[in-house]
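Coordinate analysis (summary)
The lines below spell out each chain.
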Amino acid sequence: MLMPFCPLAGLSPTLAIHVYTHREVYGTVGSHVTLSCSFWSSEWISEDISITWHFQAEGSRDSTSIFHYAKGQPYIDDVGTFKERMEWVGNPYRKDGSIVIHNLDYTDNGTFTCDVKNPPDIVGKSSQVTLYVFEKVPTRYGVVLGSIIGGALLLVIVVVVLVYLIRYCWFRRQAALQRRLSTMEKGKLQRSAKDASKRSRQAPVLYAMLDHSRSTKAASEKKAKGVLGDSRKEKK
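Below is a short write-up of the structure. (Residues numbered from 1 in each chain as written. Predicted model: local features only at pLDDT ≥ 70, side-chain atom pairs only at ≥ 80, totals over all residues. Heavy atoms only, no water.)

A few points about the side chain of Asn118
Put simply, the rule reads: A run of H or I in DSSP becomes a helix once it reaches four residues, and a run of E becomes a strand once it reaches two; helices and strands are each numbered from the N terminus. Two N or O atoms form a polar contact when they lie within 3.5 Å of each other; inside protein one atom must be a possible hydrogen donor and the other a possible acceptor, and for residues adjacent in sequence the pair counts only when both atoms belong to side chains. Contact criterion: two residues are considered in contact whenever any of their non-hydrogen atoms come within 4.5 Å of each other.
Relative to the assigned elements, Asn118 resides in the loop between strand S11 (110-117) and strand S12 (123-125). A polar contact is formed between the side chain of Asn118 and the side chain of Ser41, at a distance of 3.1 Å. Contacts of Asn118, omitting those with residues within four sequence positions, involve Ile17, Ser41, Glu43, Trp44, Ile45, Ser46 and Ile49.

Here it is, written out as structure tokens:
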């Protein structure tokens, strides 16, 4: 993310140049890194435009000039630690004042300042970028945070899916149990109906057998009475 710097207080925006850099950049030992610097000016790009880079080592209070662009020519410091390790990749007419530092070392840790002047637009504030050189580039906090959030969301999704599956299995089991109970109740009702029908068919037969035995008994008694009467008549 580029970090803008506001113009000096009390100045009109049309009279101030705006310079932008990243807030922080990271690199590994032996690799290279691009220090981006862009700017906005209310004036046309002048032939007298100048771009200057300064470096303040980590833990130091001194700032030294390491690069200067003027009159269409780049000038790299031929004395300091960046000698033969710096490359000019900018283009002022594209409002770009970027440089590349090769073969990074731990001594390159520090703050780099980009300053641009475009006469007559020369009033403004420079922009700073801090370089961190590591043996291995550390994971950005945003990546870590994103991973944590992604893991949490994944965990929530897994929990929701598990709850859904448990509820689905429970409802399915309840439905199967309900069907089984319904089948059992239906079987009981059918058996009860069959028993009632059987009893209803047996009742007339029993009644008929009772009537028949009663009729037979009455006939026997009547016959016995007749025989007894005849025998009495014969005695007289």
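On we go from here.
Remarks on the packing of aromatic side chains
This is how it is decided: A pair of aromatic rings is counted whenever rings of Phe, Tyr or Trp (Trp by its six-membered ring) have centres within 6.5 Å, and the orientation is called stacked for planes under 30 degrees apart, edge-to-face for over 60 and tilted otherwise. Per-residue accessibility, obtained with a 1.4 Å probe over protein chains only, is compared with the maximum for each type, and a residue is labelled buried under 20%, exposed over 50%, and partly exposed between these values.
Tallying each qualifying case throughout the model produces 10 aromatic pairs. Seen from their ring centres, Tyr26 and Phe134 are 6.2 Å apart, and the 25 degrees between their planes marks the pair as stacked. Remark: Phe134 occurs in strand S13 (residues 127-134) and Tyr26 occurs in strand S3 (residues 24-28); sequence separation between them is 108 residues. Judged by relative accessible area, Tyr26 falls into the partly exposed class, the value being 25%. Plain terms: the ring middles of Phe55 and Phe82 are 5.1 Å apart, the flat faces sit at 85 degrees to each other, and that makes the pair edge-to-face. In this pair, Phe55 sits in strand S6 (residues 50-57) while Phe82 sits in the loop between strand S8 (73-76) and strand S9 (86-88), placing the two residues 27 residues apart along the sequence. You'll find Phe55 and Phe82 in the same group, each marked buried. Taken together, the aromatic side chains of Tyr26, Tyr132 and Phe134 make up a single cluster linked through ring pairs.

Points about the state of the cysteines
The following threshold applies: Only a pair of cysteine sulfur atoms within 2.5 Å qualifies as a disulfide here.
One pass over the full model with this rule turns up one disulfide. Linked covalently through their sulfurs, Cys37 and Cys114 form a disulfide whose S-S length is 2.0 Å. Here the S-S torsion is close to -80 degrees, and the disulfide linking Cys37 with Cys114 is therefore left-handed. A residue pair is termed long-range when its members are at least 10 positions apart, and Cys37 in strand S5 (residues 37-40) and Cys114 in strand S11 qualify at 77 residues. By relative accessible area, Cys37 is classed as buried at 1%.

What about the pairing of strand S2 (residues 16-22)?
Keep this limit in mind: Note on pairing: DSSP must find at least two bridges between two strands before they are called paired.
Counting buried residues along S2, five of its seven residues qualify, which places the element largely inside the surrounding structure. Examined bridge by bridge, S2 and S5 share four bridges and lie antiparallel to one another. Within S5, the position partnered with Val19 by the bridge is Phe39.

Brief notes about the environment of Ala16
In this fold, Ala16 is placed in strand S2. Along the backbone, Ala16 and Lys125 are 109 residues apart, and their C-alpha atoms lie at a distance of 8.3 Å.

Observations regarding the sheet that holds S11
Our working definition: Angles shown run from 0 to 180 degrees and are taken between the N-to-C directions of axes, each axis being a line fitted to C-alpha atoms and, for helices, limited to the stretch in contact.
The six strands are arranged S3-S13-S11-S6-S7-S8 in an open sheet whose pairing can be described as mixed. Both outer strands of the open sheet, S3 and S8, are each paired with one neighbouring strand and no more. Strand-to-strand twist of the sheet, defined as the mean angle between neighbouring strand axes without regard to direction, takes the value 20 degrees. Relative to S13, S3 runs parallel, the two sharing five bridges. From the neighbouring strand, Glu24 faces S13, where its bridge partner is Thr130.

Remember that the coordinates give geometry; whether it matters functionally is a separate question.
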